[in-house]
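# Residue-level structural notes
Here are the chains, one letter per residue:
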Amino acid sequence: MTPASPPSPPSPASPARQRILDAVAAELRRLARYDDESIVHDAWIRQRYDGGFAASYAPARSAAVRTAWHEAGHAVAALAVGARFSSASIRAGAASSGRVHSIRGGGELGFAIDAAGQIAERLRDWTLPATEEDLRAWLASWRGDGGDARRFRAGIGARFGTDEAAAWRYGVRLLTPLRPQIRELARALLVYPRQLPYEVAAAVAGVSSGAGGGAMRGGHP
């Protein structure tokens, strides 16, 4: 399913948010010719190395890029299905390498948010499972992932029963047309050395949230 063309994304709601957006946009313009690994802010590299999450700067840089695409996938999926969140970050910690905080809403499409991190990682380098057999084998191996796998399986029942492959393919159809938006948000997460508030992330991605209210879903690592 390809989402309908969204309305214009919201502008940041405060001068502080606008300053963040302006700073991020300026950096993205300045670094437009560079690949993802070349634009990782030193703060994210040092944070991973100093915290013992990477053995050297090179794997720290690669891990930051992978995490940025993963978290951008969660955030863009949330925007696409009308959910909201408070912020997105690629700060590594003991429990996760990054997080989209306090996701609210999504309804019966919440499973697409849960799968979106893994889908986005594979959209980055076009390594999505190529066959039904490959997909089902990968899904059988998907465990943990900060709770994403568990929430995905718990959330697919309303639309897909126990058919995990059909639910995954729905997520792929939803997110593949949004790959440019995922990439732009991932790059914003890489160049900005702190968390991105919801309003800034939505403006950078250019995906507007619908009326996604409802109970808190928790963060997505």
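Position labels on residues start from 1 in each chain and follow its written sequence. The predicted origin of the model limits local features to residues at a pLDDT of at least 70 and limits the giving and counting of side-chain atom pairs to 80 or more, whereas totals for whole chains, interfaces and linings rest on all residues. Only heavy atoms go into the side-chain values, all of them from the structure, while hydrogens and water stay out.

## Let's talk about the overall build of the protein
Along the protein, the regular secondary structure elements total ten helices and four strands. When the elements of the protein are put in sequence order from the N terminus, they spell out α-α-α-β-β-α-α-α-α-α-α-β-α-β. When a residue's accessible area, from a 1.4 Å probe over protein chains only, is under 20% of the maximum for its type it is buried; when over 50% it is exposed; and in between it is partly exposed. Taken across its 221 residues, the protein has 48% of its residues classed as buried. Partitioning the contacts of the protein with sequence separation of at least 6, the portion at a separation of at least 24 is 75%. The Shrake-Rupley method, run with a 1.4 Å probe sphere, supplies the accessible areas, and residue values consider only the shown protein chains as cover. Surface summary for the protein: the accessible area is close to 10000 Å², and the carbon and sulfur share equals 50%. Where helices and strands are cited, they refer to DSSP runs of H or I of at least four residues and of E of at least two residues respectively, numbered from the N terminus. Between two residues, a contact is recorded if the distance between any of their heavy atoms is within 4.5 Å.

## Some remarks on the nonpolar core
Throughout this description, the term nonpolar core refers to a set of buried Ala, Val, Leu, Ile, Met, Phe, Trp, Tyr and Cys residues connected via side-chain atoms within 4.5 Å. Membership of the largest hydrophobic core comes to 68 residues, with the highest contact counts inside it found for Phe85, Phe152, Trp168, Leu185 and Leu196. Residue contacts for Leu185: discarding those within four places in its chain leaves Ala72, Ala75, Val76, Leu196, Ala201, Val204 and Ala205.

## A short note on helix H6 (residues 148-155)
Listed as buried for H6 are Asp148, Ala149, Arg151 and Phe152. Along H6, the residues classed as buried sweep out an arc of 165 degrees about the axis, all on the same side. Residues of H6 that are exposed and angled more than 90 degrees away from the buried face: Arg150 and Ala154. Here, the arc refers to the directions that run from the helix axis to the C-beta atoms.

## With respect to the packing of aromatic side chains
Only Phe, Tyr and Trp rings are paired, with Trp represented by its six-membered ring, and only when their centres lie within 6.5 Å; those with planes under 30 degrees apart are stacked, over 60 edge-to-face, the remainder tilted. The tally for this structure, following the rule as stated, stands at ten aromatic pairs. Seen from their ring centres, Trp142 and Trp168 are 6.2 Å apart, and the 75 degrees between their planes marks the pair as edge-to-face. Linking Trp142 in the loop between helix H5 (132-141) and H6 with Trp168 in helix H8 (residues 164-175), this pair joins segments that are 26 residues apart in sequence. The class for Trp142 is buried, based on a relative accessible area of 3%. Since its relative accessible area comes to 2%, Trp168 is described here as buried. The structure contains a cluster of three or more aromatic residues connected by ring pairs, namely Phe111, Trp138, Trp142, Phe152, Phe160, Trp168 and Tyr170.

## Topic: the confidence of the model for the protein
The predictor's confidence in any single residue is recorded as pLDDT, a number from 0 to 100. Summarising the model, the protein shows a mean pLDDT of 90, and 88% of its residues fall at 70 or more. Least confident of the elements in the protein is strand E4 (residues 216-220), whose mean pLDDT is 45; most confident is helix H9 (residues 179-191), at 98. Between residues 1-8, whose pLDDT stays under 50, and residues either more than four places distant or in other chains, the model counts eleven contacts. Considering only residues more than four positions removed or in separate chains, one finds that residues 210-219, a stretch of pLDDT under 50, has 31 contacts.

## Digging into the environment of Val191
Considering the arrangement of structural elements, one finds Val191 in helix H9. The exposure class of Val191 is buried, given its relative accessible area of 6%. When the C-alpha atoms of Val191 and Ala43 are compared, they prove to be 9.4 Å apart, with 148 residues separating the residues in sequence. If we ignore the near neighbours within four places in the chain, the residues touching Val191 are Glu27, Leu28, Leu31, Ile39 and His41.

## Here we look at the pattern of salt bridges
When the charged atoms of two side chains with opposite charge come close together, those side chains can pair. Each reported salt bridge corresponds to a side-chain nitrogen of Lys or Arg within 4 Å of a carboxyl oxygen of Asp or Glu. Applying the stated rule across the entire model yields ten salt bridges. The salt bridge partner of Glu132 is Arg169, with a shortest N-O separation of 2.7 Å. Residue Glu132 is located in helix H5, and its partner Arg169 is located in helix H8; the two are separated by 37 residues in the primary sequence. With relative accessibility at 31%, the residue Arg169 sits in the partly exposed group. Two residues, Arg151 and Asp148, come together in a salt bridge whose shortest N-O distance is 2.8 Å.

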